[in-house]
Amino acid sequence: MSDSESEDEGANRQLKFVLLGDGASGKTSLATRFVHDSFGKQYKQTIGLDFFLKRITLPGNINVTLHVWDIGGQTIGSKMLDKYIYGAQAILLVYDVTNQQSFENLENWHNVVKKVNEESETQPRVALVGNKIDLEHMRTVKIDKHLQFCQESHSSSHFVSAKTGDSVFLCFQGIAANLVDVKLNRAEIEQLQNVVRADIVNYSQEPETRSVHSPRSSMCTIQ
Ligand SMILES: Nc1nc2c(ncn2[C@@H]2O[C@H](COP(=O)(O)OP(=O)(O)OP(=O)(O)O)[C@@H](O)[C@H]2O)c(=O)[nH]1
């Protein structure tokens, strides 16, 4: 590689992020929120895989291009899955906090990742991503189970909502920053957390004021 090529690469690091997890856990929605800052309510199953590309600038003027591989939830038994995972710098294991099964099945996804890692020179960072925290009141996956998984699998821990955007940018950019050894300060983290949103909820049968807080979430419901 010539000097100018390596300078180019230094100026714009390419990172492969792979999103894994059960169907309907919200992988496409997370990628769409991160890349296009949009959200669609309608579920459209990903067949095989989808690609997203996003260039971000991290503190210190460090440009990073994220290649986000959104793997369809039905590929768990597919022979192609190993190839999709291979060479990733980051694996995001995504589950739906309101769906216990989607959390339990992450073990199968993680096992595939571990098997691929055995044959790979690069060892990806693994991140556990609990999605749909806007539905905190319907949560079925206990936070201590989430944290236990992180500890056992040496994963970073993230709670996000593709729907509201809560902590989605922080999740992707935080992982990217970590990979290129950039430290985000408190102000940058707060800025990336992004959404402070209050939904008006009409609890007609329950007259008392409610407040629902999630860990690292800025969502609340007010009446
Ligand atoms: N309330 C809520 N719904 C969400 C959120 N993220 C995704 N959804 C919804 O969940 C459904 C599934 O989302 P997808 O992003 O298509 O799920 P997926 O994991 O890509 O699914 P596969 O393509 O089958 O692997 C859609 O109806 C989304 O609108 C979220 O943060 N909150």
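Residues numbered from 1 in each chain as written. Predicted model: local features only at pLDDT ≥ 70, side-chain atom pairs only at ≥ 80, totals over all residues. Heavy atoms only, no water.

For the chain, the name recorded in an unreviewed UniProt entry is Ras-related protein Rab-28, with Thamnophis sirtalis as its organism. One UniProt comment on the chain, placed under Sequence similarities (unreviewed entry), says "Belongs to the small GTPase superfamily. Rab family." Per UniProt, the comment on the chain under Catalytic activity (unreviewed entry) is "GTP + H2O = GDP + phosphate + H(+)". (UniProt positions renumbered as here; feature names shortened; annotations may be inferred.)

K.L.:
Help me out: how do you make sense of the sheet that holds strand S5 (residues 125-131) in this one?
P.N.:
In a beta sheet, neighbouring strands are held together by backbone hydrogen bonds and run either parallel or antiparallel to one another. Pairing is mixed across the open sheet formed by 6 strands, whose spatial order is S2-S3-S1-S4-S5-S6. Two strands close off the open sheet at either side, each with one partner strand: strand S2 (49-58) and strand S6 (156-159). Pairs of neighbouring strands in the sheet enclose a mean axial angle of 25 degrees, with direction left out of account. Bridge count between strand S1 (residues 12-20) and strand S3 (residues 62-71): 8 bridges; the pairing is parallel. Residue pairing for S3: Asn12 is matched across the bridge by Asn63. Sitting on the sheet, helix H2 (residues 27-36) is in contact with S1, S2, S3, strand S4 (90-96) and S5, with an inclination near 35 degrees to S2. (Pairing = 2+ DSSP bridges. Helix = DSSP H or I, 4+ residues; strand = E, 2+ residues; numbered from the N terminus. Axes fitted to C-alpha atoms, helices over the stretch in contact; angles between N-to-C directions. Contact = heavy atoms within 4.5 Å.)

K.L.:
Please explain the pairing of S1 as it appears in this structure.
P.N.:
Within S1, 7 of the 9 residues are buried, which leaves the element mostly enclosed by the surrounding structure. Both S1 and S4 contribute to a ladder of 4 bridges, which runs parallel. Along S4, the bridge assignment pairs Leu19 with Leu92. (Buried < 20%, exposed > 50% of the residue type's maximum accessible area, 1.4 Å probe, protein only.)

K.L.:
Any chance you could explain the site of the ligand here in plain terms?
P.N.:
Neighbouring the ligand are 24 residues, the closest being Lys27, Ser29, Tyr43, Thr46 and Asp134. One of the side-chain N or O atoms of Tyr43 is found 2.5 Å from an oxygen atom in the ligand. With respect to the ligand, the backbone of Thr46 contributes an N or O atom lying 2.7 Å from an oxygen atom. Coverage of the ligand by the protein chains reaches 92% of its 660 Å² of free accessible surface. In terms of residue count, H2 provides more of the shell around the ligand than any other element does, 3 residues in total. (Near = heavy atom within 4 Å. Polar contact = N/O pair within 3.5 Å; in protein donor to acceptor, adjacent residues only side chain to side chain. Areas by Shrake-Rupley, 256 points an atom, 1.4 Å probe, with all protein chains shown as cover.)

K.L.:
Explanation requested: helix H6 (residues 143-153) in the structure shown.
P.N.:
Residues lying three or four places apart along an α-helix face the same way, a consequence of the helix completing one turn every 3.6 residues. Within H6 the residues assigned to the buried category are His146, Phe149, Cys150 and Ser153. In a view along the axis of H6, the buried residues occupy a sector of 100 degrees, so they form one face of it. Within H6, the exposed residues directed more than 90 degrees away from the buried face are Asp144, Gln151 and Glu152. In the segment just after H6, His154 is the residue with positive phi, at about 55 degrees. (Arc of directions from axis to C-beta.)

K.L.:
Can you walk me through the environment of Phe172 in this structure?
P.N.:
Mapped onto the fold, Phe172 is located in helix H7 (residues 168-179). Note: C-alpha distance between Phe172 and Leu20 (152 residues apart in sequence) is 14 Å. Residues contacting Phe172, with those up to four places away along its chain left out, are Phe17, Leu19, Leu30, Phe34, Leu66, Val68 and Leu92.

K.L.:
Just checking my understanding: could you explain the packing of H2 against H7 for this structure?
P.N.:
Working note: a packed helix pair is described by the angle between its axes plus the distance between those axes. Here H2 crosses H7 at 85 degrees, and the two axes come no closer than 9 Å. Judged by the inter-axis angle, H2 sits roughly perpendicular to H7. Residue-level inspection shows Leu30, Arg33 and Phe34 of H2 in contact with H7, the latter providing Val168, Phe169, Phe172 and Gln173. Looking at the contact of H2 with H7 residue by residue, the class counts come to 5 nonpolar, 1 polar and 1 charged. (Parallel < 35°, antiparallel > 145°, perpendicular 65-115°, else oblique. Nonpolar A, V, L, I, M, F, W, Y, C, P; charged D, E, K, R; others polar.)

K.L.:
I keep staring at the packing of aromatic side chains and nothing clicks. Help me out?
P.N.:
Any pair of aromatic rings gets described here by the distance separating the centres and the angle formed by the planes. In this structure the tally under the stated criterion is 6 aromatic pairs. An angle of 80 degrees between the planes, with centres 4.8 Å apart, marks the rings of Phe51 and Trp69 as edge-to-face. Here Phe51 is found in strand S2, whereas its partner Trp69 is found in strand S3, with 18 residues between them in sequence. Each ring, one from Tyr95 and one from Phe103, has its centre 4.9 Å from the other, and the planes form 65 degrees; the classification is edge-to-face. (Phe/Tyr/Trp six-rings, centres within 6.5 Å; stacked < 30°, edge-to-face > 60°.)

K.L.:
Looking at this model, I keep getting lost on the confidence of the model for the chain. Mind explaining?
P.N.:
Interpretation of the predicted coordinates at a detailed level should be avoided for regions scoring low in pLDDT. For the chain, per-residue confidence averages 86 on the pLDDT scale, and 82% of positions sit at 70 or higher. The low-confidence segment residues 1-9, where pLDDT is below 50, has 2 contacts with residues more than four positions distant or belonging to other chains. Segment residues 206-223: pLDDT under 50, and 50 contacts once partners within four positions in sequence are set aside and those in other chains are kept. (pLDDT = per-residue confidence, 0-100.)

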